[in-house]
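Examining the three-dimensional arrangement
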Amino acid sequence: MACLLEAPLRISVLSEVTATSRHYVDRLFDPDPQKVLQGVIDMKNAVIGNNKQKANLIVLGAVPRLLYLLQQSLSSLQLRTECAVVLGSLAMGTENNIKSLVDCHVIPTLLQGLLCPDLTFIEACLRCLRTVFISPVTPVQLLYTDSTVIPHLMSLLSSSHRTQEYITQIFSHCCKTLEHQTVLFNHGAIQNISPMLISPSYKVRMQALRCFSVLAYENAQVSMSLVNVVIDGEQLPQVFVRMMQRDQPIEMQLTAAKCLTYMCRAGAIRTDDGCIVLKTLPCLVRMCSKEHLLEERVEGAETLAYLMEPDVELQRIASTTDHLLAMLADYFKYPSSVSAIADIKRLDHDLKHAHELRQAAFKLYASLGSNDEDIRKKITETENMMDRIVSGLSESSIKVRLSAVRCLHSLSRSVQQLRTSFHDHAVWKPLMKLLQNAPDEVLVMASSTLCNLLLEFSPSKEPILESGVIELLCSLTQSDSPALRVNGIWALMNMAFQADQKVKVEIIRCLGTEQLFRLLSDPDSNVLMKTLGLLRNLLSTRPHIDQIMTSHGKQIMQAVTLILEAEHSIEVKEQTLCILANIADGNTAKDLIVTNDDMLQKVKYYMGNSSVKLQLAATFCVSNLIWNEDDGAQERQDKLRELGFVDVLHKLTQSSDPNLSDRAKTALQQYLA
């Protein structure tokens, strides 16, 4: 019986709430303007901090009516302002509230409202627009739909501290692409926002700083312009340096460090500049210490990783600054039983976001270890580091998995680590598991790492081969992503290097000749180069060369011909001529060249090429064809003499390049022996 009573009770409570909310909406339609104004003011007071009330009012259609009143020229300025304030309050609720407001066209209506000369009304409109635009559910493109909006917002910047704060915050959140950066830059963002960095209002300074960090990110044009800005007699980088001082709020220090980081990465500031080495880098390292909040530590580590990613000197400096490597180890122990977090809400938040710390730590380790062998060694010697990476590869968070594999990839560039830590911890197992089912972003990094694990000197190569990896790699070569095709073929190339016949046959069988030749005409030059590398490794050692050329000789010679005749880089043609030289080293395979006059003419042509690399490779091919210890050498020597090869070799002995000259002399000696 109790169950039957429960439903009507809920309905009555709900209808009571809805009735109360209905009363607020009904008052918006009163013919007396004064009562409408009072109704809006009462609604404003009713929705403050009450998400349920906000949702009810939206469902009952308050938003279209408020927007209508806001647009009416007959409405008093006070009423229009109060409507904008209520809309701003409704926007402060849930994401569904924002969606409803956007669907009711609140953005174009409020942007239109900015044309009103009254500052209080403008500020109310901007406050609501700011709240709507900073929500992740709002399409940022709505700011750029009307080309008059950005210049008008720029013109409003100097109106008050509030307009400065709201407008720069809108810009920061709506600047997501190079196109957005360019629009803001072209409409004078730098000139208009720069003076705000010395505003007496902290909020204004902070939003201006955030705006510059977004504008400068991966943008050389903006970064170069920022370097030359002078504010109150001081150059902008120095203003940012002052903002990084320890007595400034942490968010300001961090954002100023981001600005300088992005300007440095965009090429506007040198990596050895004092403001980077002595100020930005130490500031970011400082942010990684455990006295800071979780999000500050995450942002500090990620920004530092980005700053030093391409620069080995910065990596070396960072690795010895403030015990950074040990500091990062703490990222994996958080929150610990001794975490001094009195605030239970904070603890709950940090437990939910602890994976972000691990992701940031892996990212920073990857950046630190990307070039220097000593740093890699220190990283792997950090407590339980390899175990942490292995655990990270199977975490539920995709971002942690990606950062862990990025870290593994960075360390896999070390011969020493491949032979020791990687082997001891059998990292190939979780890596192979990761390759089975992952998004492309993870696949690219995981397959890159696998390429290194398949190098000749890696002890992991054998167990990986036995795990049936060939099929997986062959499937990668059919991907739409050029990066995955490159990695798939690169790994196969490494696998084929000095491999036994069984492995080579399996690669050809699994890849299929059709796919192999499709890759030889791939539009991506990296894919083509690695495919040629694979072919070169397959065609090594005489029995292998002869066996493969017996089965696939016609197609391989056809592919070689097409590449040598087409417009390709010197590197591609050199690799192709080296394949031809390998074929020429076979016992029976060399007949495929000797009996092909067209191919011989091509070799002769490349012996006279302007590139020494191509001359060397072509001469090497000739040398293999006429080697006098091989059966049938005399006939081949005679044929090449008739075709004028000896004259070309004599000319090449006079080459200024010692290698080419020696190679030509070695070939000529075959005629004398």
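Residues numbered from 1 in each chain as written. Predicted model: local features only at pLDDT ≥ 70, side-chain atom pairs only at ≥ 80, totals over all residues. Heavy atoms only, no water.

As annotated in an unreviewed UniProt entry, the protein chain is Armadillo repeat-containing protein 8 from Oryzias melastigma.

**Digging into the state of the cysteines**
Short version of the rule: Two cysteine sulfurs form what is called a disulfide whenever their separation falls within 2.5 Å. The classification of residues rests on relative accessible area computed with a 1.4 Å probe and restricted to protein chains. Under 20% of the type maximum is buried, over 50% is exposed, and intermediate values are partly exposed.
Here the structure, examined in full by the defined rule, presents 0 disulfides. C474 provides the cysteine sulfur closest to C451, a residue in no disulfide bond, and the two sulfurs are 13 Å apart. Take C451: its relative accessible area is 2%, and that puts it in the buried class. Here C474 stays unpaired: no disulfide links it, and the sulfur of C510, its closest cysteine neighbor, is 3.8 Å away. Residue classification places C474 among the buried residues on the basis of a relative accessible area of 4%.

**Some remarks on the nonpolar core**
Applied cut-off: Here the nonpolar core consists of buried residues drawn from Ala, Val, Leu, Ile, Met, Phe, Trp, Tyr and Cys, with membership extended through side-chain atoms lying within 4.5 Å. Only heavy atoms enter the contact rule, under which two residues are in contact if any of them lie within 4.5 Å.
Within the largest apolar cluster, 237 residues are counted, with the highest numbers of intra-cluster contacts made by F240 and L580. Apart from the residues lying within four places of it in its own chain, the contact partners of F240 are L197, L209, F212, A256, C259, L260 and M263.

**Here we look at the packing of helix α30 (residues 469-476) against helix α31 (residues 482-496)**
Applicable threshold: Angles shown run from 0 to 180 degrees and are taken between the N-to-C directions of axes, each axis being a line fitted to C-alpha atoms and, for helices, limited to the stretch in contact. Runs of H or I in DSSP of at least four residues are treated as helices and runs of E of at least two as strands, each being numbered from the N terminus. Working rule for handedness: look at the near helix, and if it is turned counterclockwise from the far one by less than a right angle, call the crossing left-handed; if clockwise, right-handed. Gly counts as polar in this scheme, as do all residues outside two lists: the nonpolar Ala, Val, Leu, Ile, Met, Phe, Trp, Tyr, Cys and Pro, and the charged Asp, Glu, Lys and Arg.
Viewed as axis vectors pointing N to C, α30 and α31 meet at an angle of 145°, and their least axial separation amounts to 7 Å. For the pair α30 and α31, the sense of crossing is left-handed. In this structure, α30 uses V469, I470, L473, C474 and L476 to contact α31, whose residues at the interface are L484, R485, G488, A491, L492 and M495. Its residues assigned to classes, the contact of α30 with α31 comprises 9 nonpolar, 1 polar and 1 charged.

**Quick notes on the side chain of E123**
Residue position: E123 is located in helix α8 (residues 119-133). Taking the relative accessible area as the measure of exposure, E123 reaches 9% and is therefore buried. Setting aside residues up to four positions removed in sequence, E123 forms contacts with S160, R162, T163 and Y166.

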